[in-house]
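# Analysis of the macromolecular model
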Amino acid sequence: MLPWHKYLAVREITVEGGERIQAETVLKSLPITVGMNWLTADIQAAKAALLLLPDVRDALVTKRLWGRIHIRIIEREPLALARVGQTLFWIDTEGFFYTKAHESFGPVLLEPQTIKTERGQRLAELFYLVPLQALMTSPGTLLNSITTVRFEGSTMILSLRNGPDVFLPIYD
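About the criteria used
Residues numbered from 1 in each chain as written. Predicted model: local features only at pLDDT ≥ 70, side-chain atom pairs only at ≥ 80, totals over all residues. Heavy atoms only, no water. Patch = residues over 30% accessible without salt bridge, like charges linked within 9 Å, V, L, I, M, F, W, Y side chains within 5 Å. Areas by Shrake-Rupley, 256 points an atom, 1.4 Å probe, with all protein chains shown as cover. Salt bridge = Lys/Arg side-chain N within 4 Å of Asp/Glu carboxyl O. Helix = DSSP H or I, 4+ residues; strand = E, 2+ residues; numbered from the N terminus. Pairing = 2+ DSSP bridges. Axes fitted to C-alpha atoms, helices over the stretch in contact; angles between N-to-C directions. Core = buried A, V, L, I, M, F, W, Y, C linked by side-chain atoms within 4.5 Å. Buried < 20%, exposed > 50% of the residue type's maximum accessible area, 1.4 Å probe, protein only. Contact = heavy atoms within 4.5 Å. Polar contact = N/O pair within 3.5 Å; in protein donor to acceptor, adjacent residues only side chain to side chain.

## What about a nonpolar patch on the surface?
- Taken together, the side chains of Tyr7, Leu8 and Leu39 present a nonpolar region at the surface, about 280 Å² in accessible area.
- For Leu39, the location among the structural elements is in the loop between α1 (23-29) and α2 (43-51).

In structure tokens:
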């Protein structure tokens, strides 16, 4: 009689797509391990576990033939730094605060209003992302001269390193 269980075991777990997040971090967070039953490996639970990692924006977990599990990670893309109280956080392109920053460089968004969601804390006003993205991707040395960014209603206020504050309407 053949030992069929060895043909149904998870033999390999591969991780693709992580630049800032390490494959070891991904593998440690999974409820699936090499050696467990491939048929009963819960890929929905694995995806849910991966989405709890702060740097993961999305994940795809698939079963492949011959006992393989493949994971594709989509990481959060840092957009800007934000200061909440005395703590600096990275904000991603979807407005989520996803990890603490150790030092400040470039413009810092000051005391933005936030809300709590299932995926974590994010900007309360998502329409602020458009002018923030435009500012953070501006060419030249503009970013070097801006110390802080804040929003008051429909106005973005840039504090310059060696100059006055600049008031910009964010929509007309």
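## Points about the sheet that holds strand β5 (residues 87-92)
- Taken together, the 7 strands give an open sheet; going across it, the order is β6-β5-β4-β7-β10-β11-β12, and neighbouring strands pair in mixed fashion. Each of the sheet's edge strands pairs with one partner strand only, and the pair in question is β6 (97-100) and β12 (165-169). Taken over all neighbouring pairs, the strand axes of this sheet differ in orientation by 30° on average, direction set aside.
- Here 6 bridges tie strand β4 (residues 78-84) to β5, and the two strands are oriented antiparallel to one another. Considered in β5, the bridge of Ala80 is made with Ile91.

## Here's the deal with the nonpolar core
- Among the nonpolar cores identified, the biggest contains 19 residues, and Leu109, Leu123, Leu132, Val149 and Phe151 are the most heavily contacted of them.
- Those elements that place two or more of their residues in this core are β4, β5, α3 (129-136), β10 (146-152) and β11 (155-160).
- It is α3 that contributes the most residues to this core, 4 residues altogether.
- Residues contacting Phe151, with those up to four places away along its chain left out, are Leu109, Tyr128, Pro131, Leu132, Met156 and Ile170.
- By size, the runner-up hydrophobic cluster in this structure holds 17 residues, among which are Ile13, Ala41, Leu50 and Val56.

## Describing the side chain of Ser159
- Examined against the element boundaries, Ser159 turns out to sit in strand β11.
- The class of Ser159 is buried, set by a relative accessible area of 11%.
- Here Arg150 takes part through its side chain, which lies 3.4 Å from a polar atom of the side chain of Ser159.
- Leave out the neighbours within four places in its chain, and Ser159 touches Ser145, Ile146, Thr147, Thr148, Arg150 and Asp165.

## What to know about the environment of Glu16
- Following the sequence through the fold, Glu16 ends up in strand β1 (residues 12-16).
- For the pair Glu16 and Arg72, spaced 56 residues apart in sequence, the C-alpha separation works out to 4.8 Å.
- Apart from residues no more than four positions distant in its own chain, Glu16 is found in contact with His70, Ile71, Arg72 and Ile73.

## Remarks on the pairing of β10
- Bridging between strand β7 (residues 108-110) and β10 involves 2 bridges; their strand directions are parallel. When the sheet's bridge partners are listed, Leu109 is paired in β10 with Val149.
- The sheet contact formed by β10 and β11 spans 6 bridges and is antiparallel. When the sheet's bridge partners are listed, Thr148 is paired in β11 with Ser159.
- Here β10 folds back onto β11 in antiparallel fashion, the turn holding 2 residues, of which Gly153 has a positive phi close to 60°.

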